[in-house]
Structures are given as C-alpha cells and as structure tokens.
Amino acid sequence: MAVDIRLPRKRKRGELTSEPRGLVSPGDVITSDTGFMRGHGTYMEDDKLHASVAGVVERVNKLICVQPLKTRYNGEVGDVVVGRITEVGQKRWRVDTNSRLNSILMLSSVNLPGGELRRRSAEDELMMRQYLSEGDLISAEVQSVFSDGALSLHTRSLKYGKLGQGILLKVSPSLVKRRKTHFHNLPCGASVILGNNGYIWISPTVENESSDTAGGFIQNLEPVSEDERGVIARLRNCILGLAEHRLMLYDTSVLYTYETSTKYEIHELLKPDVMEEVIHLARLKLEQEGT
Amino acid sequence: MAGIELLSDQGFRADGRRPHELRKIRCRMGVFRQADGSAYIEQGNTKVLATVYGPHEITGGRSKALHDKVLLNCQYSMATFSTGERKTRPKGDRRSQEMSMNLRRTFQAAILTHLYPRSQIDIYVQVLQSDGGNYCACVNAATLAVIDAGIPMRDYVCACTSSLLEDTPVVDISYLEESVGSPEMVVALLPKSEQIVLFQQNSRLHVDNLEKVLDMGIKGCTDVYGILDQSVREHVTEVSNLMMST
C-alpha cells in the first residue's frame, strides 16, 4: 500500500488588505444617534448603540445590525433544512438542525404514507417510530419559529421527507447562499440539497420520483453503482474544499469546482495544494462569469 | 532565594522586561474546524487553547435549562506536560474546579446571556504550557473563541496579573516572579467601560500599595485589549475579503 506523507504546511496568511468599512468588534460604539433601530448583533447602553459581535455593520433604512462571520443557524420561515431525528415524542419528532435549540417536526405536519389527508389518529402516534426513528435524516422546510427561537418544520411536499442513501456534510450556515431553490439535480449525475442550516446532502439522482406514493418514508436500498459513488465522493471533496476556502455554496460554484476538479483523481483532491489550485481556478471562472 | 534578582537597579526584570511591559502575545482564531469557535494564545511561554461549542440544546437532562438565560458551562484543564514535572491531572480536582467557576462567573458578566434562553454554551480551555498567569491567558483565549463563535458579548474580557516587586508595581508576572511569593493580583476587565468582572488576590499586600498595583493591572488589561482587538480585526478582514469576492 502506498502511503503519502507530507510535511506540515505553513499557514498561509492572506495579503493584508485594508479593513472593510464599518468593521466592528464587540463593545464598539456604532452610533450615538438615537434615531436608529437596534437589530441583531447590537445592544443599547447609555443611549448609544454598541456592537456585540465582530463583523461588518449592515444598515437597512433605520435598522442597524451586525452579522458575525460564523454562527449557529438562525432559522427563517421558508428555509430548506436537512436534519437528523434525535428523539421521538408524543405527536412530534425532535430534529437536530444545527440551530441553538432542537427543531420540532409535528406529526400533523408530515405527509403520511398513502398520501391521504386525514386527522391523525392514535394509531398514527403509535406508528411514528416506523416512519421516522432516531438517527434518520430528513429534509424539511421551516414552517414557523417559536417564541423561544426553536423551529417548527414541515415536510408537506413530495420533495421533502426521509433521505435514503448518500453523504451528509456539515459546513458553516453562512456559506450557503440563499437561492430560489436548494434542491439541485446536477448534470454530473448526483443530487445535492444545500440546506440553509449548513447541512448538505449528496445523493445519487433518482429518475422516476412521480410514482412515489409512500410519502417518502420508503428508502431505496439498492446498491449504488461505483460510478455514481465516484461522482458523489468527488462532489463531497469539492464542497468541503469550497467551504475550507470560504467560497459561497450554490449550484454554479459547486458545478464549476466539480468541472475543474475532473483532471485530478478523486483522492488527489484531499491534498491541500491540489484543492487550493482547483478552488483558485473555480474562483477565476466564477469571477469571469460574474462580470 | 539567593542569586536571583527580580528587579535590577536599572529597572529591568529577570526576563529583561520593564515593570510595565507585557510578555509577547501571539494569538490565532479559528484553529479548529469542528468547534463553533476556537482560539489559541501565547503569552510569553504560557500557551492556552480554548474551544467554544454552542449555543446548543442542553446536554444531559433538560431540567438544567434556565428559562430566561443561557446555561454557561466552563471547563478548565491543564495538560499533563504543561508544567515542569509531568503529572496526570484528574478532571475534577479542586484547583481546576475553582478556575472553571471563576471562568463561568467572568463570562456570565460579559456574554449577553438573556438572548439564548434554554440553551447551553460550552467553553473549554486547556493550558498546554504553564508559565505564570494561566487564568489570564485562559480568559483572553476564551474571549477570542467566543468572538470567533459569533456569540454576542457586551465587550471583550481581558485579564492580566500584576504584582509588587521591591515597591515597584509590575505587570503580567511570569512563573518565576509568581513563585517567590510576591503578592499576585488578577484583574479581569471589560476594557471599554473599565468595569472589573473578576478581582483575585493571592497572598498579602499592604493597603497603601493596593491602588498602584491595581492601576498597573488595569493598564495591563487595556494593553491586552489593544492586541486582541487588532488580531480580531485582522481575522475578520481576512475572512470577509475571501467571502466578499464571490
């Protein structure tokens, strides 16, 4: 077996450019003008508005907020999330979604097998563990936010539901770009769900999903071909590379990175210097497109 | 202690510093990928690693949850190899328990705890090499880690030791100066409002000297703040430039 050993790499320092305008750190006074509204990442003391996190000040009309570079996921209604069931309770599942409190998936906000719409009976409550048990992964949408900040999810659409075979990646939620759609069937032969909460699901593309009447609770456990697994593994390496180099994640950036990475073997992408080159090329390509 | 001159006639200390000078501080934020926030700090030869997880769901029983503020869980530990003699240190010994409690109180004053009811924040600090001022290095490292995790704080918390050597107040004392039995004073400060969040004193100090030693400690804290603030700004600039370009 060939083993590849490298010396520790020197940490690269980005060239020191000037500070962006409006950079604040905790405790800094943003303004002493009282005509502004206090947003996230700020607090009021002695009639002055202070920052409470390190980041760049954003201003929308009279609202001032500071967005930190890295946080736990703060849910908003309508977000697509990927989560893991942690607990089965009475009429509800608790789901880990990388937010500060576990999210809740009510029995009444899932599509039951059979697709019929009816009142949830006591039998349904007893069957809950058959539908989703601890450790299962789901994709869902945020339905509402409770007063204490916990999220209520729903899977009332055929595109949401239990996830079958694939790879889960965890990245920082701030790296996932908000788009119209977060479900992508990439042309390279795999599907990606870019959850707003920083959980990313890569799975082989399924062709006929229209015949699905089980409400998404039946998992397809057929073996995945080696080609498809190769594609998935390459996508995984690309997405982790993008996250490492702090590029925003969306369909185009993932696809471009995938395309530029094809000249390397999948396992070569794990080497930091190779990944850096791939990301650099992808970044150039994105910048060309952008202008 | 014959032979060791802690403060020379020319006004230099044993390691060549002047009384008001800090040791060299080097720090880095975001050293771990899987933690929500992490930081590493070196103050002279004292090296500390801090990691922050959270805010997340309460671990180990929901009954511990506080309905109006976040539960802060701090853990202080020292590596086996951190001191001159190698020694396995059990997790819950008296000294580290006390340190953990002090850390928790310090950060409870600085973190905006009311924003995250029924959640938990974990702060883990580990001393990798100990050369005096462990607690101060831990507080400074934990501050950086909390900022890295994006947890809202009222202000930075900066901590610094000070002491009195031959009637001269000195700042940021090393292990050598600590071990001769000079009165060690630990101050943790919110530098912008100059509020003291922790004040600790080991061994006796005459009350006449209290004020000047305290002033020295506060000055040390504000100096530490300048260094931490600069490194936070550099870190934020670097990362936000990367994210901005796409």
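Reading the values: rules and limits
Residues numbered from 1 in each chain as written. Chains lettered and ligands numbered in written order. Predicted model: local features only at pLDDT ≥ 70, side-chain atom pairs only at ≥ 80, totals over all residues. Heavy atoms only, no water. Patch = residues over 30% accessible without salt bridge, like charges linked within 9 Å, V, L, I, M, F, W, Y side chains within 5 Å. Areas by Shrake-Rupley, 256 points an atom, 1.4 Å probe, with all protein chains shown as cover. Salt bridge = Lys/Arg side-chain N within 4 Å of Asp/Glu carboxyl O. Lys, Arg positive; Asp, Glu negative; His and termini not counted. Charge placed at Lys NZ, Arg CZ, Asp CG, Glu CD. Helix = DSSP H or I, 4+ residues; strand = E, 2+ residues; numbered from the N terminus. Buried < 20%, exposed > 50% of the residue type's maximum accessible area, 1.4 Å probe, protein only. Pairing = 2+ DSSP bridges. Axes fitted to C-alpha atoms, helices over the stretch in contact; angles between N-to-C directions. Parallel < 35°, antiparallel > 145°, perpendicular 65-115°, else oblique. Left-handed = near helix turned anticlockwise from the far one by under 90°. Contact = heavy atoms within 4.5 Å. Nonpolar A, V, L, I, M, F, W, Y, C, P; charged D, E, K, R; others polar. UniProt positions renumbered as here; feature names shortened; annotations may be inferred. Buried area = accessible area lost by both parts, 1.4 Å probe. Disulfide = S-S within 2.5 Å.

Comments concerning a negative patch on the surface
Residue and element names in this part refer to chain B.
Okay, so step 1: On the surface, Glu5, Asp9, Glu166 and Asp167 cluster together into a negatively charged patch.
Okay, so step 2: By secondary structure assignment, the location of Asp167 is in the loop between strand 6 (158-165) and strand 7 (168-171).
Okay, so step 3: Judged by relative accessible area, Asp167 falls into the exposed class, the value being 58%.

Quick look at the sheet that holds strand 5 (residues 48-51) of chain A
All names here are of chain A.
Okay, so step 1: Pairing is antiparallel in the open sheet, where three strands are placed in the order 2-5-4. Looking at the sheet topology across the chains shown, the edges are occupied by strand 2 (29-31) and strand 4 (42-45). If you compare each strand with its neighbour and ignore which way they point, the axes differ by 45° on average.
Okay, so step 2: The sheet contact formed by strand 4 and strand 5 spans four bridges and is antiparallel. Opposite Tyr43, over in strand 5, you have His50 as the bridge partner.

Side note on the packing of helix 1 (residues 94-110) of chain B against helix 2 (residues 134-148) of chain B
Residue and element names in this part refer to chain B.
Okay, so step 1: Across the interface, helix 1 lies against helix 2 with an axial gap of 11 Å and an inter-helix angle of 45°. Of the possible angle classes, the one that applies to helix 1 and helix 2 is oblique. Considering only the axes of helix 1 and helix 2, their crossing is right-handed. Taken together, the residues of helix 2 that come into contact with helix 1 (itself represented by Met99, Asn102, Leu103, Thr106 and Phe107) are Tyr135, Val139, Ala142, Thr143 and Val146.
Okay, so step 2: Grouping the amino acids of the contact of helix 1 with helix 2 by side-chain chemistry returns seven nonpolar, three polar and no charged.

Considerations on the UniProt feature "domain: Exosome complex component N-terminal" (unreviewed entry) in chain A
Okay, so step 1: UniProt annotation of "domain: Exosome complex component N-terminal" (unreviewed entry) refers to residues 23-60 of chain A when read in the numbering used here.
Okay, so step 2: Taken end to end, residues 23-60 of chain A is 0% helix and 55% strand, and its two terminal C-alpha atoms sit 16 Å from one another.

So, the interface of chain A and chain B
Okay, so step 1: Between chain A and chain B, the contact holds 44 residues from the first and 42 residues from the second.
Okay, so step 2: When chain A packs against chain B, close to 3,700 Å² is buried across both sides, 50% of that on carbon and sulfur atoms.
Okay, so step 3: Inspection of the region where chain A meets chain B yields eight salt bridges.
Okay, so step 4: Notably, a salt bridge pairs A:Asp28 with B:Arg233, separated by 2.6 Å at the nearest N-O pair.

Concerning the environment of B:Cys160
Residues and elements named next belong to chain B.
Okay, so step 1: Looking at the secondary structure, you find Cys160 in strand 6.
Okay, so step 2: With a relative accessible area of 1%, Cys160 lands in the buried category.
Okay, so step 3: Once the C-alpha coordinates of Cys160 and Met216 are considered, the two residues, 56 residues apart in sequence, prove to be 9.3 Å apart.
Okay, so step 4: Those residues within four positions of Cys160 in sequence are excluded, and the remaining contacts are Leu22, Cys136, Val171, Asp172, Met185, Val186, Val187, Gly217, Gly220 and Cys221.

Observations regarding the pairing of strand 6 (residues 55-60) of chain A
All names here are of chain A.
Okay, so step 1: Pairing between strand 1 (residues 23-24) and strand 6: two bridges, direction antiparallel. Residue pairing for strand 6: Val24 is matched across the bridge by Gly55.
Okay, so step 2: One ladder, built from six bridges, connects strand 6 with strand 7 (residues 63-68); its direction is antiparallel. Following the sheet pairing, Glu58 is matched in strand 7 by Cys65.
Okay, so step 3: Counted along the chain from strand 6 to the antiparallel partner strand 7, the turn is two residues long, and its residue Asn61 has a positive phi close to 50°.

Observations regarding helix 4 (residues 251-261) of chain A
Residue and element names in this part refer to chain A.
Okay, so step 1: Helix 4 sits mainly inside the fold: eight of its 11 residues count as buried.
Okay, so step 2: Regarding helix 4, the residues found buried are Ser253, Val254, Leu255, Tyr256, Thr257, Tyr258, Thr260 and Ser261.
Okay, so step 3: Against the buried residues of helix 4 lie strand 15 (183-186), helix 3 (226-244) and helix 5 (272-290).

Focus on unusual backbone geometry
Okay, so step 1: The amide bond that connects B:Gly54 to the next residue, B:Pro55, takes the cis arrangement and shows omega of 0°.
Okay, so step 2: Topologically, B:Pro55 is positioned in strand 3 (residues 46-57).
Okay, so step 3: Positioned with a positive phi, A:Asp47 is a non-glycine residue whose angle comes to about 60°.
Okay, so step 4: Checked against the element boundaries, A:Asp47 lands in the loop between strand 4 and strand 5.
Okay, so step 5: One non-glycine residue with positive phi stands out, namely B:Asp167, at about 65°.

Description of the state of the cysteines
Residue and element names in this part refer to chain B.
Okay, so step 1: Counted according to the given criterion, the structure contains zero disulfides over all chains.
Okay, so step 2: Left unpaired, Cys138 is separated from the closest cysteine sulfur, that of Cys136, by 8.9 Å.
Okay, so step 3: Cysteine Cys221 shares no disulfide, and the gap to the nearest cysteine sulfur, in Cys160, comes to 5.2 Å.
Okay, so step 4: A relative accessible area of 0% places Cys221 in the buried class.

Side note on the UniProt feature "domain: Exoribonuclease phosphorolytic" (unreviewed entry) in chain B
Residue and element names in this part refer to chain B.
Okay, so step 1: Following the UniProt record, one finds the feature "domain: Exoribonuclease phosphorolytic" (unreviewed entry) at residues 21-152 and 155-220.
Okay, so step 2: As annotated, residues 21-152 comprises 24% helix and 33% strand, and the C-alpha atoms at either end are separated by 31 Å.
Okay, so step 3: The annotated region residues 155-220 carries 29% helix and 41% strand content, and the separation between its end C-alpha atoms amounts to 17 Å.

Thoughts on the pattern of salt bridges
Okay, so step 1: Counted according to the given criterion, the structure contains 28 salt bridges over all chains.
Okay, so step 2: Notably, a salt bridge pairs B:Glu57 with A:Arg94, separated by 4.0 Å at the nearest N-O pair. Placement of the pair is B:Glu57 in strand 3 and A:Arg94 in strand 9 (residues 92-96), with the two residues belonging to separate chains.
Okay, so step 3: For B:Glu57, a relative accessible area of 14% gives the class buried.
Okay, so step 4: Two residues, B:Glu177 and B:Arg17, come together in a salt bridge whose shortest N-O distance is 3.8 Å. Note that B:Glu177 is positioned in helix 3 (residues 175-179) and B:Arg17 in the segment before strand 1 (25-29), a separation of 160 residues in sequence. Here B:Glu177 and B:Arg17 have matching classes, each one buried.
Okay, so step 5: Salt bridges sharing partners connect three or more residues here, namely B:Arg13, B:Asp15, B:Arg17, B:Arg23, B:Asp131, B:Asp172 and B:Glu177.

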